[in-house]
Amino acid sequence: FPYQFDACTPELLRAAKEAARDLDVPVHLHVAQSLFEFHDSLQRYAKTPVQLLDSIDFLDERTILTHLIYTTLHAASGYPVDDMGDLRIVADRGATVAHCPVVYARRNRILGSFARYREIGINVGLGTDTCPQDMIEEMRWTALGSKWIDRDASRGTARDVFNAATLGGAQALGRSDLGRLAPGAKADLVVVDLHSLHSGPVDDPIKTLVYAATGSDVERVIVDGRTVLVAG
């Protein structure tokens, strides 16, 4: 975990990736978090952060890129409208984007957008990167942010953000036995009470979970068949 792109030299990043391959583990990097970082990379290396990472063979299916807000697609980047060049590189290499919407919504920054990243073929998982570490809140902000930035209420569906929080994270770790309830998968369960007044009527439990529930509604957490948390 070399932490963040703008604090590491290309040589250090290349060495970190080589070590990760030797150890057969994923490598995780905060990247493209600010507009300054994006343009500083262009000034230093004549490459965007994504292009530089690709040039040093850093990107593959065992690379997790946290945030990745400022790419050639971002309206503030100065690139032509709808330039998907950076995102195509990430998709082609099979890297994962770890999307943490709450911490950056507080800083007036938004991914542009969750739905577009997924449509081009990028695996997106969800994280927190701040307190409260509430994955339900992160799912809700992911959905609402995608709808807002795309100006389309059909974008960033509850199903899609729920899948990112479960299956997307499991794929990032190379673990097909996580993120799902299926034969051969780990017995990982989160029991959520959807009967609180703030949840309203439950017509679709996934929609209710994403749009109305809170972390305090979690009643029980089971990891690999072992109960690790009981509320109250």
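These numbers come from a predicted model, not from an experiment.

A.B. asks: I'd like to hear about the overall build of the chain, residue by residue, with values.
C.D. replies: In terms of regular secondary structure, the chain is built from nine helices and eight strands. The C-alpha radius of gyration computed for the chain amounts to 18 Å, which stays within 12% of the reference 17 Å derived for 232 residues, consistent with globular compactness. Overall, the C-alpha framework of the chain stretches about 55 × 40 × 30 Å when taken along its three principal axes. Sorting the 232 residues of the chain into buried and exposed places 44% on the buried side. Counting contacts in the chain only where the partners sit at least 6 residues apart, residues at least 24 apart contribute 70% of the total. Here the chain has roughly 12,000 Å² of accessible surface; of this, 53% comes from carbon and sulfur atoms. Here the chain contributes 24 positively and 31 negatively charged side chains, and the mean placements of these two sets differ by 1 Å.

A.B. asks: So what's going on with the environment of W141? Which residues, and what values?
C.D. replies: In this structure, W141 sits in helix α7 (residues 135-150). The class of W141 is partly exposed, set by a relative accessible area of 40%. In this structure, the C-alpha to C-alpha distance between W141 and P10, residues 131 residues apart in sequence, is 33 Å. The residues contacting W141, other than those within four sequence positions of it, are P101, V102 and A105.

A.B. asks: Requested: an account of the side chain of H74, with residues and values cited.
C.D. replies: In this fold, H74 is placed in the loop between β3 (63-67) and α4 (85-93). A polar atom in the side chain of H74 sits 3.0 Å from the backbone nitrogen of A76. When sequence neighbours within four positions are dropped, the list of residues in contact with H74 reads I69 and I110.

A.B. asks: I'd like a description of the pairing of strand β7 (residues 218-223), backed by residues and values.
C.D. replies: Looking at chain direction, strand β6 (residues 189-192) and β7 are connected through four bridges and run antiparallel. Looking at the pairing, V190 lines up with V221 of β7. Note that β7 and strand β8 (residues 226-230) share four bridges and pair antiparallel. Looking at β8, one finds that V223 is bridged to R226. The hairpin turn running from β7 into β8, its antiparallel successor, is two residues long, and D224 in that turn takes a positive phi close to 55 degrees.

A.B. asks: Please set out helix α8 (residues 158-172) residue by residue, giving values where relevant.
C.D. replies: For α8, spanning 15 residues, the distance from its first C-alpha to its last is 20 Å, which sits close to the expected 21 Å at 1.5 Å a residue. A164 marks where α8 bends most, by close to 40 degrees. Considered for burial, the residues of α8 that qualify are A158, D160, V161, A164, G168, A170 and A172. Looking at the packing, one finds that the buried side of α8 touches β3, β4 (96-99), α6 (114-119), β5 (123-126), α7 and α9 (205-211). Positive phi appears at G174, one or two residues downstream of α8, with a value of about 70 degrees.

A.B. asks: Tell me about the packing of aromatic side chains, residues and numbers included.
C.D. replies: Evaluated as defined, the whole model comprises two aromatic pairs. When the centroid spacing of 5.8 Å and the interplanar angle of 80 degrees are considered together, the rings of F1 and Y3 count as edge-to-face. Between the aromatic rings of F38 and Y79, the centroid separation amounts to 6.0 Å while the plane-to-plane angle is 80 degrees, which identifies the pairing as edge-to-face. Of this pair, F38 sits in helix α2 (residues 35-45) while Y79 sits in the loop between β3 and α4, and the two are 41 residues apart along the sequence.

A.B. asks: Before we move on, could you go through the sheet that holds β6 and cite the residues and values that matter?
C.D. replies: Read from one edge of the open sheet, three strands run β6-β7-β8, paired in antiparallel fashion. Only two strands of the sheet have a single partner each, and these edge strands are β6 and β8. Each strand of the sheet is rotated relative to its neighbour by a mean of 15 degrees, with strand direction disregarded.

The rules behind these values
Residues numbered from 1 in each chain as written. Predicted model: local features only at pLDDT ≥ 70, side-chain atom pairs only at ≥ 80, totals over all residues. Heavy atoms only, no water. Helix = DSSP H or I, 4+ residues; strand = E, 2+ residues; numbered from the N terminus. Rg over C-alpha atoms; globule rule 2.2 N^0.38 Å. Buried < 20%, exposed > 50% of the residue type's maximum accessible area, 1.4 Å probe, protein only. Contact = heavy atoms within 4.5 Å. Areas by Shrake-Rupley, 256 points an atom, 1.4 Å probe, with all protein chains shown as cover. Lys, Arg positive; Asp, Glu negative; His and termini not counted. Charge placed at Lys NZ, Arg CZ, Asp CG, Glu CD. Polar contact = N/O pair within 3.5 Å; in protein donor to acceptor, adjacent residues only side chain to side chain. Pairing = 2+ DSSP bridges. Expected span 1.5 Å × (residues − 1). Bend = angle between axes of the 7 residues up to and from the residue. Phe/Tyr/Trp six-rings, centres within 6.5 Å; stacked < 30°, edge-to-face > 60°. Axes fitted to C-alpha atoms, helices over the stretch in contact; angles between N-to-C directions.

Read these as spatial facts, not as claims about activity.
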